Every structure is written in structure tokens, then in C-alpha cells.
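Survey of secondary and tertiary structure
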Protein chains: 2
Amino acid sequence: MTTLELARDFTSMLKRHDHDGAAAKYNADDIVSYEAMEGPMAVCRGKASVKAKGDWWQANHEVHGGTVEGPYVNGDQFVVRFTIDVTAKESGQRMMMDEVGIYTVKDGKIVEERFCYLEA
Amino acid sequence: MTTLELARDFTSMLKRHDHDGAAAKYNADDIVSYEAMEGPMAVCRGKASVKAKGDWWQANHEVHGGTVEGPYVNGDQFVVRFTIDVTAKESGQRMMMDEVGIYTVKDGKIVEERFCYLEA
């Protein structure tokens, strides 16, 4: 499977809201995930740890809608852009998130994901 | 100057259509530029060589309009998304390009730019 094929299938699963399935299928066991924000989740190592971060996020946010654009592909990397209309449950604050993920592929798996937030 | 400050100023210059000024101000002397397409321009090394590539592109394309979104920032990297409504002068073909640039910053200069094209 080429990076292009992987990127298309992965992004198409995200467009169908199957984030869990996409991560289960394509995240490498030793994936490293980088958030833009500082704090304890800034760097997250390993497939199980990344899944836990995703589970935490889903449990603590209510998603009203959003868009997934991509994949944008070059070599062993691809980019997906997300907008998410979301309410943080604890604060009740509703916000529009606008971010991109840069994914790096090796041996048919995603070995790194790096999220970048709009800083306009 | 932080990567965030650089990314904001660089992107703001692109939004004002000052690509030449942005590249002159922020490209490192030893910048490496990666295009997604294959061919002689796939990898381009050095500020002068990257400028020559940009000059060639501008001379051979007529730009009708477009958008610049970003910057999306994380650590020493940032992403800018471009849509470009453009006609290739030689073929006369008008197309809507949709791409992102991943920029890597070191010591206040852009040392790598990698362009990724929409492969939906």
C-alpha cells in the first residue's frame, strides 16, 4: 500500500466519522503524537496512549459538526485539515476549531501525527 | 523572533501577494524545497534556486485569484493552505490548485518547504 493509498483510505474513514477505526487500522504501535498546546498531552507515545488521548477528548467534548479536507500528499507525509464545531463539556464553551494534522508514514503505518492550530 | 511570529508575518506577506518579499526575508540560504510532483523541480536546494523556481512559475502561469489560510503552527513547523485559480500559459488550461506548504524553521529562517497537493 502506497502512502497515497493509505492517505486516501485514512482520510475517507475520517470523513465518515470513523476516527477510532482509522487509528486502529493505521496507527503504528510506536506512533508519536504531538499536540500544539503545552501540557501533559503535548507529546503522546504509543498506539494505546494515543487511543486513550482520543477517548478522553471524545468523552469531554460534544461535537456539533465539522469538515475534513484532504489528503494533501507529498512523499511519506500527508496533511488533513479539520474544522470542528465543538463544545467543551466542562466549561460549556462552544468554539470552532481549525487545525491541520501532518502525518508521517513508514512501512504502511502512521508513525507520527503532529497537530497544528490556526494562529491567524 | 519565535516560529509563531515568523509564521504570522510570513503568511501575512503571502496574503498581501508578496511571495517574493516573504521568500527574500525568511528563506534560509540553504533552504530545501520539495514539490509533490516528480520531475526536475521535485527537489530544489538553495535560496537562489528556489527563487528561480518561483520566477519560472510566475512567468508561466496567469493567476486569476486564490486564497491563503493559516498559519497553522506547532513547534518549529507551520502549515499554510493555498487555493489558486490559475491558467498555465503554455497549455491554456485553467485549473483550481489546492495545496498546503509545510514549513520548517531553524534559527529564524525557513530551512525546508514541502508542498502537498490535494489527492481527494
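For the structure, see preceding data.
Described below are features of the structure shown in this document. Values in this document were obtained by computation on a predicted structure and should not be read as measured data. (Residues numbered from 1 in each chain as written. Chains lettered and ligands numbered in written order. Predicted model: local features only at pLDDT ≥ 70, side-chain atom pairs only at ≥ 80, totals over all residues.)

1. What about the relation of the copies chain B and chain A?
You can overlay chain B on chain A at an RMSD of 0.0 Å; the transform is a turn of 180° with a shift of 0.0 Å along its axis. Here the transformation between the copies is reduced to the relation of a two-fold axis. Interface overlap between copies is the fraction of interface residues in one copy that are interface residues in the other; for chain B against chain A it reaches 100%, indicating a shared surface. (Least-squares fit on C-alpha atoms with pLDDT ≥ 70 in both. Contact = placed C-beta atoms within 7 Å.)

2. A word on the interface of chain B and chain A
Taken together, the 24 residues of chain B in the interface contact 24 residues of chain A. Elements with a minimum of two residues in the side of chain B that touches chain A: helix H1 (3-15), strand S3 (61-74), strand S4 (77-88), strand S5 (94-106) and strand S6 (109-118) of chain B. Its residues assigned to classes, the side of chain B that touches chain A shows 15 nonpolar, 4 polar and 5 charged. Strand direction decides the pairing type here: strand S3 (residues 61-74) of chain A and S6(B), joined by 2 bridges, are antiparallel. Its bridge partner lying in S6(B), A:Tyr72 is registered against B:Leu118. (Helix = DSSP H or I, 4+ residues; strand = E, 2+ residues; numbered from the N terminus. Nonpolar A, V, L, I, M, F, W, Y, C, P; charged D, E, K, R; others polar. Pairing = 2+ DSSP bridges.)

3. Quick notes on unusual backbone geometry
Residue and element names in this part refer to chain A. Of note, the amide linkage connecting glycine 70 to proline 71 takes the cis form, showing an omega dihedral of 5°. Relative to the helices and strands, proline 71 resides in strand S3. Located in the positive-phi region is aspartate 107, a residue other than glycine, with phi close to 50°. Within the secondary structure, aspartate 107 is located in the loop between strand S5 (94-106) and strand S6 (109-118). By C-beta crowding, aspartate 107 is classed as exposed, having 7 other C-beta atoms within 10 Å. (Buried ≥ 20, exposed ≤ 12 C-beta atoms within 10 Å, placed from the backbone.)

4. Structural notes on the environment of A:Glu113
Position of A:Glu113 relative to the elements: it lies in strand S6. For A:Glu113, the contacting residues outside a window of four places in its chain are A:Ile31, A:Ser33, A:Gly101 and A:Tyr103.

5. As for the environment of A:Gly108
Assignment of secondary structure puts A:Gly108 in the loop between S5 and S6. Separated by 102 residues in the primary sequence, A:Gly108 and A:Leu6 have C-alpha atoms spaced 7.3 Å apart.

6. A look at the packing of H1(B) against helix H2 (residues 19-26) of chain B
Each pair of packed helices can be summarised by the angle the axes make with each other and by the distance between the axes. All names here are of chain B. At a closest axis distance of 7 Å, the pairing of H1 and H2 adopts a crossing angle of 155°. The angle between the axes of H1 and H2 places the two elements in the roughly antiparallel class. The element H1 and its partner H2 pack so that their crossing is right-handed. Judged by residue contacts, Leu6, Phe10, Met13 and Leu14 of H1 engage His19, Gly21, Ala22 and Tyr26 from H2. (Axes fitted to C-alpha atoms, helices over the stretch in contact; angles between N-to-C directions. Parallel < 35°, antiparallel > 145°, perpendicular 65-115°, else oblique. Left-handed = near helix turned anticlockwise from the far one by under 90°.)

7. Quick notes on the nonpolar core
Counting residues in each nonpolar core, the largest one holds 35 residues, and the members touching the most others are A:Val79, B:Val79 and B:Cys116. Look past the residues within four positions of B:Cys116 in its chain and what remains in contact with it is A:Tyr72, A:Val73, A:Asn74, A:Gln77, A:Phe78, A:Val79, B:Ala36, B:Glu99, B:Val100 and B:Ile102. (Core = buried A, V, L, I, M, F, W, Y, C linked by C-beta atoms within 7 Å.)

8. Remarks on the pairing of S6(B)
Residues and elements named next belong to chain B. In terms of strand pairing, strand S1 (residues 27-34) meets S6 through 4 bridges, oriented parallel. Following the sheet pairing, serine 33 is matched in S6 by glutamate 113. Pairing between S5 and S6: 8 bridges, direction antiparallel. Bridging across to S6, valine 100 finds its partner in cysteine 116. From the end of S5 to the start of S6, which pair antiparallel, there are 2 residues, and aspartate 107 there has a positive phi angle of about 50°.

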